[in-house]
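Each chain, written out:
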Amino acid sequence: MLDLKTIREQTERVREGIAKKREMDKLDDLLALDVRRRELIREVESLKSKKNTVSSVVGKLKKEGKNADHLIAEMKGVADKIKQLDEELHAVQEKIDEMLLWIPNIPHESVPVGDDPASNVTVRDWKPDDTVLGFTPHERLDFEPLDHIQLGKKLGILDFERGAKISGSGFPLYTGRGATLERALINYMISVHVNRHGYTEVFPPFLVNRQSMTGTGQLPKLSEDMYRCELDDLFPIPTAEVPITNMYRDEMLPVDRLPIGYVGYSACFRREAGSYGKETKGFLRVHQFNKVEMVRFTKPDDSYEQLEQLVGHAEVILKELKIPYKVQLLCTGDLSFAASKCYDIEVWAPAEKKWLEASSCSNFEDFQARRMNIRFKPDPKAKPVFVHTLNGSGLATSRLMVALLENYQTPEGKIIVPKVLQPFTGFEIIG
């Protein structure tokens, strides 16, 4: 969340950021409450000071054997007034804390202004040449490629119908070599991020408490998109970002450990309550999917350099898989509630004939850290400051699987396994 002092002193900047993200502006209500809060604090402190002064006088009168009943009666009224004001102050503070959770992060100055994805900016794109891929990219082939659903059914590696029977629409079922290929993708990506990019692997819980979901910004804003176990008030995670970032909630990090990088696999669960009417076939929009997530805790001065590195780490995976992709810088209107800046990486699916988002890499600056109270001291004598948090998909497997199957199919409808995955699958072809 944003600092109340920042909102008070830079109101127009915050207001402009809210407008750019197309969120509701309730700053006037918040600032009015802030004024009332400070009035109450001054009044309470004044009354407490008066009470302390009079209490001293009462003690002196009693010591001298004089009557102090009138002062005692007066102070009882003051004590009642303090209690009343304290209760109002508590209620006002609770309302302020609640309202702060609904104010989005401010977009970074380098983020393009726009209302929708049409204003996103393509930063770069990449595709393998014929010799690197080993065969001609499919957009130039003389056969019509099958889509991932057709391939999955033909080869017996994906079963969306039985997945729907088990759990409902949007819960895919991998079978046979499809399950092995999915597992190979996950193991390969974690191996690259740990052994080459220096991340520490974690295997986080898949259920988290309300405080964790609030800390990373999913609650209260995105509550309708989340699944919830009502009896225990626990939430199946929408991304491993939630448990991994909350590892250091309410902790002071040693400055010499920064930046800290973690990578972890998790299943991800999203109700996608606001996605009705969007493309939902196969893997294009699912309620459960697998993802390898990268999370970094950094010093504020380093966070945007770290963001570029994070994007590069995701790109390495796609280059080695030889899958065409492009990197897009999201505009303000397409930026998430909690992010200051975000890059999406989209992969090319030739049968779908479109780009599919497979990774988002975001810098949240201190927005999440302020909610979670994650700080560090720049030096031993300095006051604690909040770290910056970043995360990125490294990568989500569902749409990556679409691109992999469709790009690596042969005219006969078989699937060539990318060379980097073959040590993890134990086979070279699915057919």
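Residues numbered from 1 in each chain as written. Predicted model: local features only at pLDDT ≥ 70, side-chain atom pairs only at ≥ 80, totals over all residues. Heavy atoms only, no water.

Peer 1: Before we go on, may I ask you to explain the overall build of the protein in this structure?
Peer 2: Along the protein, the regular secondary structure elements total 14 helices and 15 strands. A compact globule built from 431 residues would reach a C-alpha radius of gyration of about 22 Å, whereas the protein, at 28 Å, exceeds it by more than 25%. C-alpha extents for the protein along the principal axes are approximately 105 × 45 × 40 Å. Looking at the protein as a whole, 51% of its 431 residues qualify as buried. Within the protein, counting contacts between residues at least 6 apart in sequence, those at least 24 apart form 73% of the total. Counting every atom, the protein has about 20,600 Å² of accessible surface; 50% of that belongs to carbon and sulfur. Taking the average place of the 61 positive charges on the side chains of the protein and the average place of its 65 negative ones, the gap between the two points comes to 4 Å. (Helix = DSSP H or I, 4+ residues; strand = E, 2+ residues; numbered from the N terminus. Rg over C-alpha atoms; globule rule 2.2 N^0.38 Å. Buried < 20%, exposed > 50% of the residue type's maximum accessible area, 1.4 Å probe, protein only. Contact = heavy atoms within 4.5 Å. Areas by Shrake-Rupley, 256 points an atom, 1.4 Å probe, with all protein chains shown as cover. Lys, Arg positive; Asp, Glu negative; His and termini not counted. Charge placed at Lys NZ, Arg CZ, Asp CG, Glu CD.)

Peer 1: I tried to follow the packing of helix H8 (residues 177-195) against helix H11 (residues 303-321) on my own but got confused; where do I start?
Peer 2: Any two packed helices are characterised by the angle at which their axes cross and by the distance between the axes. Where H8 contacts H11, the two axes come as close as 10 Å, and the packing angle between them is 130°. Relative to H11, the element H8 lies oblique. As for the relative orientation of H8 and H11, their crossing is right-handed in sense. Residues Leu185, Tyr188, Met189, Val192 and His193 of H8 lie in contact with H11, whose contacting residues are His313, Val316, Ile317, Glu320 and Leu321. Broken down by class, the residue content of the contact of H8 with H11 amounts to seven nonpolar, two polar and one charged. (Axes fitted to C-alpha atoms, helices over the stretch in contact; angles between N-to-C directions. Parallel < 35°, antiparallel > 145°, perpendicular 65-115°, else oblique. Left-handed = near helix turned anticlockwise from the far one by under 90°. Nonpolar A, V, L, I, M, F, W, Y, C, P; charged D, E, K, R; others polar.)

Peer 1: What am I meant to see in the sheet that holds strand E11 (residues 375-376) here?
Peer 2: Sheets are built from strands that pair by backbone hydrogen bonding, the pairs being arranged parallel or antiparallel. A sheet is described by the order of its strands in space; here three strands give the open sequence E5-E11-E12, paired in mixed fashion. Here the strands that pair on one side only, and so sit at the sheet edges, are strand E5 (252-253) and strand E12 (385-386). Looking at chain direction, E11 and E12 are connected through two bridges and run antiparallel. Each bridged residue has a counterpart across the sheet, and for Arg375 the counterpart in E12 is Phe386. (Pairing = 2+ DSSP bridges.)

Peer 1: Just to check I follow, could you spell out the pairing of strand E10 (residues 354-363) for this structure?
Peer 2: Of all the 10 residues making up E10, seven are buried; the element is thus mostly covered by neighbouring parts of the structure. Pairing geometry for strand E9 (residues 341-349) and E10, over nine bridges, is antiparallel. Bridge pairing in E10 links Ile345 to Ser359. Between E9 and E10, which follow one another and run antiparallel, lie four residues, and Lys353 among them has a positive phi close to 60°. Note that E10 and strand E13 (residues 388-396) share three bridges and pair antiparallel. Bridge pairing in E13 links Ser362 to Asn391.

Peer 1: How do you make sense of the pairing of E9 when you look at a structure like this?
Peer 2: Within a regular strand, side chains alternate between the sheet's two faces. Summarising burial for E9: nine of the nine residues are buried, a large majority. Note: strand E8 (residues 325-329) against E9, five bridges, orientation antiparallel. If you follow Lys326 over to E9, its bridge partner there is Glu346.

Peer 1: Help me understand the pattern of salt bridges in this model?
Peer 2: Side-chain pairing between opposite charges can occur once the charged atoms of the two side chains come close. As enumerated under the stated definition, the model contains 25 salt bridges in all. Note that Glu74 is salt-bridged to Lys50, the shortest N-O span being 3.4 Å. Pair noted here: Glu74 is in helix H4 (residues 69-100) and Lys50 is in helix H3 (residues 27-63), with a separation of 24 residues, a long-range link. Ionic pairing is found between Asp80 and Lys76, a salt bridge with its closest N-O pair at 3.4 Å. With Asp80 and Lys76 both in helix H4 and four residues apart, this pair spans about one turn of that helix. Residue classification places Asp80 among the partly exposed residues on the basis of a relative accessible area of 42%. Taken together, the salt bridges that share partners define one network made up of Arg8, Asp34, Arg37 and Arg38. (Salt bridge = Lys/Arg side-chain N within 4 Å of Asp/Glu carboxyl O.)

Peer 1: It is not clear to me how the state of the cysteines should be interpreted in this structure. Could you clarify?
Peer 2: Joining two cysteines, a disulfide is a covalent bond between their sulfur atoms. What the rule picks out here adds up to zero disulfides. Summary of cysteine pairing: Cys342 is not part of a disulfide, and the nearest cysteine sulfur, belonging to Cys361, is at 7.1 Å. (Disulfide = S-S within 2.5 Å.)

Peer 1: What exactly am I supposed to notice about the side chain of Gln422 here?
Peer 2: Tracing the backbone through its elements, the reader meets Gln422 in helix H14 (residues 422-425). Sequence-distant contacts of Gln422, defined by excluding residues within four places in its chain, comprise Val417, Phe427 and Glu428.

Peer 1: Quick question: what am I supposed to make of the sheet that holds strand E7 (residues 288-298) here?
Peer 2: Taken together, the eight strands give an open sheet; going across it, the order is E1-E8-E9-E10-E13-E7-E6-E2, and neighbouring strands pair in mixed fashion. Only two strands of the sheet have a single partner each, and these edge strands are strand E1 (121-126) and strand E2 (200-202). In this sheet, neighbouring strand axes are inclined to one another by 25° on average, regardless of whether the strands run parallel or antiparallel. Where strand E6 (residues 260-269) lies against E7, 10 bridges are found, and the strand directions are antiparallel. Across the sheet, the residue bridging to Gly264 is Glu293, located in E7. Sitting on the sheet, H8 touches E2, E6, E7 and E13, and the angle it makes with E7 is about 10°. Of the strands in this sheet, E7, E9, E10 and E13 are in contact with helix H13 (residues 397-407), which crosses E9 at around 30°.

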